[in-house]
Amino acid sequence: MKSLSVPRAVFSRYWSRSTLPSWHLVVSAELLALIASLYFTLTANHLFLNSALQGRDWGDHKTWLLAIALLLAITGIHTALFLILFSRRTAKPLLITLLVITAAASYYMNRYTVFFNGEMIRNILRTDFKEASELLSLDMLLHILLYAGVPIALLSRMHIAKRRWTRTLWIRPLCVIAAAVVTVAAVLPVFQDFSAMMRNQKEMRFLIMPGAYLTSFTRVLASDGKQAATGRISISEDARLGALWAHRSKPMLFVLVVGETTRAANWGLNGYARQTTPRLASLEGIINFPYATSCGTNTEVSVPCMFSPFGRHDYDEEKIRSHESLLHLIHRTGISTVWRDNQSGCKGVCDGLPMTHIDTSQKSPLCDGERCLDDILTEGMDTDIQRAPNGNVFVVLHQLGNHGPAYYKRYPPELRRFVPTCDTADLGKCTKEQIVNAYDNGVLGTDRMLASTIAYLKTQTHYDTAMLYLSDHGESLGEHGIFLHGLPYSIAPKEQTQIPMVMWMSSGFSSSFGINRDCISRRANQPISQDHLFHSLLGLLRIESKQYDPAWDAFKGCRA
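Being a predicted model, the structure only gives us computed values, none of them experimental.

1. Some remarks on the pattern of salt bridges
Then, number 1: Following the criterion strictly, the structure yields 26 salt bridges and no others.
Then, number 2: Across the salt bridge formed by Lys 347 and Glu 300, the nearest N and O atoms sit 3.3 Å from each other. Linking Lys 347 in the loop between β8 (336-341) and β9 (355-357) with Glu 300 in helix α13 (residues 299-306), this pair joins segments that are 47 residues apart in sequence.
Then, number 3: According to the relative accessible area criterion, Glu 300 is buried, its value standing at 1%.
Then, number 4: Among the ionic pairs, Arg 448 bridges to Asp 375, the shortest N-O distance being 3.3 Å. Note that Arg 448 is positioned in helix α17 (residues 432-459) and Asp 375 in the loop between β9 and α16 (381-386), a separation of 73 residues in sequence. Neither Arg 448 nor Asp 375 differs from the other in exposure class; each is buried.

This is the structure in structure tokens:
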């Protein structure tokens, strides 16, 4: 078959076949960059384009101009990026990687409304295999096969044209400039609408694929690299126990339970139509906080934030991650700290401190070889407590909680009270009723675990004991078509930011620390957030530090 050719400098290509099924296409790296950009624009940016054009009148020519401008701009930006990254040797392996990752990303974006900002990238990087495996499904694999497998098969028949490096030296910059010119030219006629959209809906940029996850990934790596090089900044040099400690007769045992993905709307003690907290409701001395809110919408943000003195009100991610946490400050006073984990780690807040990670392979009726129910967290806790040199212990129990989408794995068979349930991690195959039923059964599991923790603390009569529980963030269960969690905080629905919070204290604890329980019960009916945790615990435990801010101590007026 005779070879065909078009201008050879940039768009050189030809077909050749020795036999009918054998063919290949020779393209320049520049043309491949343009083709790849067009493909991603048309197949992976539906959510961005739908969000950008939502509510606009398609009978208005300005809507069409904006749509065309966005298509050209996305294509132009990615073309320029690929022109910088692609070479004759790297173009195909890089493109194959991008095709697979973008296909997976677009699946979760469209299914669960995921935004690929830095917070989401951190979640992905720190997700363990067991957690990631719960997100796999046949639908996802088919999606990747279609949107990545087919173009990869075509790419395998392509060859990158050879060219002298001296020609590439001037052709490549010209192509980058051309892509930039097209992008600017596309945006200028609609700049007013475009700039308003980017200014008022900043989070929308995290829907642009694959640019969003590439830039977020780069920023996360740079931030983590900087932190690794400098280490954590101490906040605990002056921390010490207050004068009240000298008059206490018993050591202290305080348990802080950090929940996972439990939302306030489905919490029985908050007045939910279903009683999902029957055990807690039957106990005396439970203080419920019905108006609590989280610092973030995912574990990677909420956990470091709640243990930080800075919080959401003064939010600075780099500042939070580069400083020590509440646990380091408590440990500095001589109180032993222990982190017991049934999930994917402490997110840096217990670095350098004792940590016990639950062995999910152990032979226990609470474990299935992959995951353990949260009741396992109190088993073996005696050993950690007895290691305390002076008897005073601050324990953190980090739950697996109601982590989705496999809600049906978060409770034992005897707690499957709300039926029918969604018994798969692929929520798209279940009705909303089934999803909510499975989720509510998971809340029953948290209720049982908290009640058993309190029962355990009641047996520790040689300690002054207390427990505080709060979830790290909430969860969307289909409201407004949104599932799971992790939306940028500024646009997150209340289901992802409103969380349950409860407290219990032994009489010995409240009296020895001079705490007015009735006062805290009254305070519980006012708004409270994870921003209060750091300062409220310092005040509650009578720990003195320059980091303490009484303005954020929720219990300031409830101590003698």
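Structure shown, so let's carry the discussion forward.
2. Things to note about the nonpolar core
Then, number 1: One finds Phe 116, Leu 450 and Met 467 to be the most contacted residues of the largest nonpolar core, which totals 104 residues.
Then, number 2: Once you skip the residues sitting within four places of it in the chain, Leu 450 turns out to touch Val 257, Trp 267, Leu 280, Met 467, Tyr 469 and Val 502.
Then, number 3: Among the nonpolar cores identified, the runner-up in size contains 49 residues, and Ala 239, Trp 339, Leu 468 and Phe 509 belong to it.

3. Digging into unusual backbone geometry
Then, number 1: In the segment running from Gly 404 into Pro 405, the intervening peptide bond is cis, with an omega of 5°.
Then, number 2: By secondary structure assignment, the location of Pro 405 is in the loop between β10 (393-398) and α17.
Then, number 3: Cis rather than trans, the peptide bond between Val 419 and Pro 420 has omega equal to -5°.
Then, number 4: Positionally, Pro 420 belongs in the loop between β10 and α17.
Then, number 5: In this structure, Thr 113 takes a positive phi of about 55° despite not being glycine.
Then, number 6: Tracing the backbone shows Thr 113 in the loop between α5 (91-112) and α6 (118-125).
Then, number 7: Thr 113 gets classed as buried once you look at its relative accessible area, which sits at 18%.
Then, number 8: The backbone phi angle of His 480 is positive, close to 60°, even though this residue is not glycine.
Then, number 9: The exposure class assigned to His 480 is exposed, which follows from its relative accessible area of 70%.

4. Side note on the side chain of Asp 553
Then, number 1: Relative to the helices and strands, Asp 553 is located in the segment after β17 (543-544).
Then, number 2: According to the relative accessible area criterion, Asp 553 is buried, its value standing at 6%.
Then, number 3: Only 2.6 Å separates the side chain of Asp 553 from the side chain of Tyr 548, close enough to count as a polar contact.
Then, number 4: The residues touching Asp 553, leaving out its near neighbours within four places in the chain, are His 535, Ser 536, Gly 539, Tyr 548 and Arg 559.

5. So, the state of the cysteines
Then, number 1: In total, this model carries five disulfides according to the counting rule given.
Then, number 2: Sulfur-sulfur distance for the disulfide between Cys 422 and Cys 430 comes to 2.1 Å. Of note, the bridge from Cys 422 to Cys 430 carries an S-S torsion of about 75° and is right-handed in sense. Residues Cys 422 and Cys 430 agree in their burial class; the two are buried.
Then, number 3: Two residues, Cys 519 and Cys 558, share a disulfide whose sulfurs are 2.0 Å apart. Classification of the bridge connecting Cys 519 and Cys 558 rests on its S-S torsion, roughly -65°, and on that basis the disulfide is left-handed. One end of the pair, Cys 519, is in helix α20 (residues 517-523); the other, Cys 558, is in the segment after β17, and 39 residues separate them in sequence.
Then, number 4: Taking relative accessible area as the criterion, Cys 558 reaches 4% and is therefore assigned buried.

6. Some details on α13
Then, number 1: α13 sits mainly inside the fold: eight of its eight residues count as buried.
Then, number 2: Taken together, the buried positions of α13 are Thr 299, Glu 300, Val 301, Ser 302, Val 303, Pro 304, Cys 305 and Met 306.
Then, number 3: Of the residues that open α13, the one with a side-chain oxygen 3.2 Å from the backbone nitrogen of Glu 300 is Asn 298.

7. Things to note about the sheet that holds strand β16 (residues 528-529)
Then, number 1: Spatially, β14-β7-β16 is the arrangement adopted by the three strands of the open sheet, whose pairing is mixed. The strands lining the two open edges of the sheet, one partner per strand, are β14 (498-499) and β16.
Then, number 2: Looking at chain direction, strand β7 (residues 292-293) and β16 are connected through two bridges and run parallel. Of the residues in β16, the one forming a bridge with Ala 292 is Ile 528.

8. Observations concerning the packing of helix α2 (residues 29-44) against helix α4 (residues 61-85)
Then, number 1: At a closest axis distance of 8 Å, the pairing of α2 and α4 adopts a crossing angle of 140°. Considered as vectors, α2 and α4 are oriented oblique to each other. The hand of the α2/α4 crossing is right-handed. Packed against α2, whose contacting residues are Glu 30, Ala 33, Leu 34, Ala 36, Ser 37, Leu 38, Phe 40 and Thr 41, the element α4 presents Leu 71, Ile 74, Thr 75, His 78, Thr 79, Phe 82 and Leu 83 at the interface.
Then, number 2: Of the residues belonging to the contact of α2 with α4, the class tally is nine nonpolar, five polar and one charged.

Cut-off values and rules
Residues numbered from 1 in each chain as written. Predicted model: local features only at pLDDT ≥ 70, side-chain atom pairs only at ≥ 80, totals over all residues. Heavy atoms only, no water. Salt bridge = Lys/Arg side-chain N within 4 Å of Asp/Glu carboxyl O. Helix = DSSP H or I, 4+ residues; strand = E, 2+ residues; numbered from the N terminus. Buried < 20%, exposed > 50% of the residue type's maximum accessible area, 1.4 Å probe, protein only. Core = buried A, V, L, I, M, F, W, Y, C linked by side-chain atoms within 4.5 Å. Contact = heavy atoms within 4.5 Å. Polar contact = N/O pair within 3.5 Å; in protein donor to acceptor, adjacent residues only side chain to side chain. Disulfide = S-S within 2.5 Å. Pairing = 2+ DSSP bridges. Axes fitted to C-alpha atoms, helices over the stretch in contact; angles between N-to-C directions. Parallel < 35°, antiparallel > 145°, perpendicular 65-115°, else oblique. Left-handed = near helix turned anticlockwise from the far one by under 90°. Nonpolar A, V, L, I, M, F, W, Y, C, P; charged D, E, K, R; others polar.

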